[in-house]
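Residues per chain, in single letters:
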Protein chains: 2
Amino acid sequence: MPENNTIESTRKTMQANQLSLSVDCVIFGYGEEGLRILLLECSLPQYGGQWSLLGDFVQPDEDIDSAAHRVLHRYTGLNNVYLEQVMTFGHPDRHPLGRVVTTAYYSLIKRDEYNGRKAYDGFAVKWFPVHEVPQMAFDHMVILDSCVGKMRESLREHPIGFQLLPKQFTLTQLQTLYEVVLDINLDKRNFRRKLMSLNMLVPTGDIQKDVAHRPAGLYRFDYDEYQRKLSRGFRFEI
Amino acid sequence: MPENNTIESTRKTMQANQLSLSVDCVIFGYGEEGLRILLLECSLPQYGGQWSLLGDFVQPDEDIDSAAHRVLHRYTGLNNVYLEQVMTFGHPDRHPLGRVVTTAYYSLIKRDEYNGRKAYDGFAVKWFPVHEVPQMAFDHMVILDSCVGKMRESLREHPIGFQLLPKQFTLTQLQTLYEVVLDINLDKRNFRRKLMSLNMLVPTGDIQKDVAHRPAGLYRFDYDEYQRKLSRGFRFEI
DNA sequence: ACAAAAGTGTTCAGTTTACACCCATGG
DNA sequence: CCATGGGTGTAAACTGAACACTTTTGT
């Protein structure tokens, strides 16, 4: 498995092929400071000062999903994380060093489980707020935008948000998650009514500890019940 | 531009690369007989008697969207047709002759504008009803299923159905289109109310001719008005 | 006159939205 | 006793689904 992304290794990969395939991951991190995106300082001189998504070439005998997982693991230390393919970008001039077609993925992780380094091959890695993304190299801004859209759509239509909370969570934590990631405001009473009416949140019986106000009840998401409902034609929707 | 898909040309393309990229198109044809899919008899001996989607390798300096349009044109004679990327399939063993990653597209055309041949390179091309697809080579059944799903989703959320009707059409023709392609039944009154409430169907003033019953009024889809509404945040939905 | 498809309203149920106050706890 | 967030109900507006008869035309 490749373990660096220097210009030399890039050239070597490209020379072996008329056409190369890469994966690029938009990694969303959810935490105290809101929703951020993990970016890498671009190593190509023509994109000096700009940033890029985290990516690598797909190896000759590697599944593209596996390549995306490998990239995700390399930069975050995480395995078995939710990763979704978004779209493939294949304009002939999108990469200045040659023909590279790239398949975009996004992932949604908890910032506090992130276990990456500050730099790779001498190039910085940094979290940026979604509303303050820097200049992006290649066509990575377009890719980023399409991943933001797809991620928000999936968050509304699949129960992937629960992976960003502790096993036990309060309804306010859940609401805040949707508000932050979707960049919307929700009504507390309506939100609770809707979520509870799905019959997939079960009270654990526990309550918050050490908070300077009335402690909230804790819930867990009943994944088995969700699967059962799914097979009966149910569609999750926030 | 490549103009054949024989086994020899396939091998040649693959030998030049560790990894090849192809496009595969699911071509839906709408007409009198309902919704059909255009398939090609598979040329590989190990898939004898099976059928495959219409595809080709992406050329070194060709956009992937262009490759899909090229394939579509080759097999249907059509240009400037609606074509949508669905997903990229990259399992290492999906192609018996080597590593081929493929990007799937679907297109929706009018059967009566179809202008293809009966065979290409000695292999038959045939329309199959969506409910009677034959044995498919490679992973093409999986690809087909994902394209059917995506096409139906897009039909409901974008006004792509109007491309399958004459410029002027009756409301019944429109309703039948949605019923056939989505494989559902719709209530006539509710359907008309909903469509008319979008304020994007304008009566042309003309009526049907030469029908053995009360002639229906003809409408056209106001694409400009649709664009205007779009930019004001409107979302099309059937 | 008949056959065939066009055209047209109303009711009911369920869902979504808007909105404000009291409660429990820690400090 | 104060500050902080937790927790709760109701009314109005809107949306989606069900449902049947009259009209116009050609033969």
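Basis of the calculations
Residues numbered from 1 in each chain as written. Chains lettered and ligands numbered in written order. Predicted model: local features only at pLDDT ≥ 70, side-chain atom pairs only at ≥ 80, totals over all residues. Heavy atoms only, no water. Domains from an automatic or database assignment. Contact = heavy atoms within 4.5 Å. Buried area = accessible area lost by both parts, 1.4 Å probe. Polar contact = N/O pair within 3.5 Å; in protein donor to acceptor, adjacent residues only side chain to side chain. Helix = DSSP H or I, 4+ residues; strand = E, 2+ residues; numbered from the N terminus. Nonpolar A, V, L, I, M, F, W, Y, C, P; charged D, E, K, R; others polar. Near = heavy atom within 4 Å. Buried < 20%, exposed > 50% of the residue type's maximum accessible area, 1.4 Å probe, protein only. Pairing = 2+ DSSP bridges. Phe/Tyr/Trp six-rings, centres within 6.5 Å; stacked < 30°, edge-to-face > 60°.

## A closer look at the domain arrangement of chain A
All names here are of chain A. By the assigned domains, chain A splits into domain 1 (2–156) and domain 2 (158–231). Spacing between the C-alpha centres of domain 1 and domain 2 amounts to 30 Å. Taken together, the contact pairs 14 residues of domain 1 with 16 residues of domain 2. Across the domain 1/domain 2 interface, buried area totals approximately 1,500 Å², and carbon plus sulfur atoms make up 69% of it. Contact with domain 2 buries area across many residues of domain 1, yet Tyr30, Lys110 and Leu155 alone supply 47% of it, more than any other trio. Run the count over domain 1 and domain 2 and you get five residue pairs in polar contact (both at pLDDT 80 or more). Among the secondary structure elements, those contributing two or more residues to the side of domain 1 that touches domain 2 are strand E2 (34–41), strand E6 (100–110) and helix H3 (140–157). Element by element, the count of residues in the side of domain 1 that touches domain 2 is highest for H3, at five residues. A breakdown of the residues in the side of domain 1 that touches domain 2 according to their chemical character gives eight nonpolar, three polar and three charged.

## Quick look at the protein's contact with DNA strand D
Taken together, 20 residues lie around DNA strand D, and Lys188, His213 and Gly217 of chain A together with Asn190 and Arg214 of chain B are the ones closest in. Within the backbone of Gly217 of chain A, a nitrogen or oxygen atom sits 2.7 Å from a phosphate oxygen of DNA strand D. Here a base nitrogen of DNA strand D and a side-chain polar atom of Arg189 of chain B are 3.3 Å apart. Those elements giving two or more residues to the surface near DNA strand D turn out to be helix H5 (188–197) of chain A together with helix H5 (188–197) of chain B. When residues in the surface near DNA strand D are grouped by element, the largest group, four residues, is from H5 of chain A. Among the residues forming the surface near DNA strand D, the class breakdown is six nonpolar, five polar and nine charged.

## Here's the deal with the protein's contact with DNA strand C
Val211 and Pro215 of chain A together with Thr172, Lys188 and Gly217 of chain B are the nearest of the 20 residues found near DNA strand C. Restricting the count to atoms of DNA strand C within 4 Å of the protein gives a sugar and phosphate share of 39%. Here Lys188 of chain B contributes a side-chain N or O atom positioned 2.7 Å from a base nitrogen of DNA strand C. For DNA strand C, a phosphate oxygen lies 2.8 Å from a polar atom in the backbone of Gly217 of chain B. Every element with two or more residues in the surface near DNA strand C is listed here: H5 of chain A together with H5 of chain B. In the surface near DNA strand C, the residues fall into five nonpolar, five polar and ten charged.

## Some points on the pairing of strand E2 (residues 34–41) of chain B
Residue and element names in this part refer to chain B. Where burial is concerned, most of E2 is hidden: six out of the eight residues are buried. Sheet analysis places strand E1 (residues 20–31) next to E2, joined by five bridges and oriented antiparallel. By the bridge assignment for E2, Gly29 is matched with Arg36. Hairpin geometry of E1 and E2 is characterised by an intervening segment of two residues between the two adjacent antiparallel strands. Strand direction decides the pairing type here: E2 and strand E8 (residues 123–129), joined by five bridges, are antiparallel. Across the sheet, Leu39 pairs through a bridge with Lys126, a residue of E8. Where E2 and strand E3 (residues 51–52) come together, two bridges link them in antiparallel fashion. Directly across from Glu41, in E3, lies its bridge partner Trp51.

## What about the packing of aromatic side chains?
Inspection of every chain in the model, using the stated rule, returns 26 aromatic pairs over all chains. Between Phe162 of chain A and Phe169 of chain A the ring centres are 5.7 Å apart and the planes differ by 40°, which places this aromatic pair in the tilted class. In this pair, the class of Phe162 of chain A matches that of Phe169 of chain A, namely buried. Look at Tyr223 of chain B and Tyr226 of chain B: their rings are 5.7 Å apart centre to centre, the planes differ by 50°, and that puts the pair in the tilted class.

## A word on the environment of Ser43 of chain B
Structurally, Ser43 of chain B is set in the loop between E2 and E3. In sequence terms Ser43 of chain B and Gly98 of chain B are 55 residues apart; their C-alpha atoms lie 15 Å from each other.

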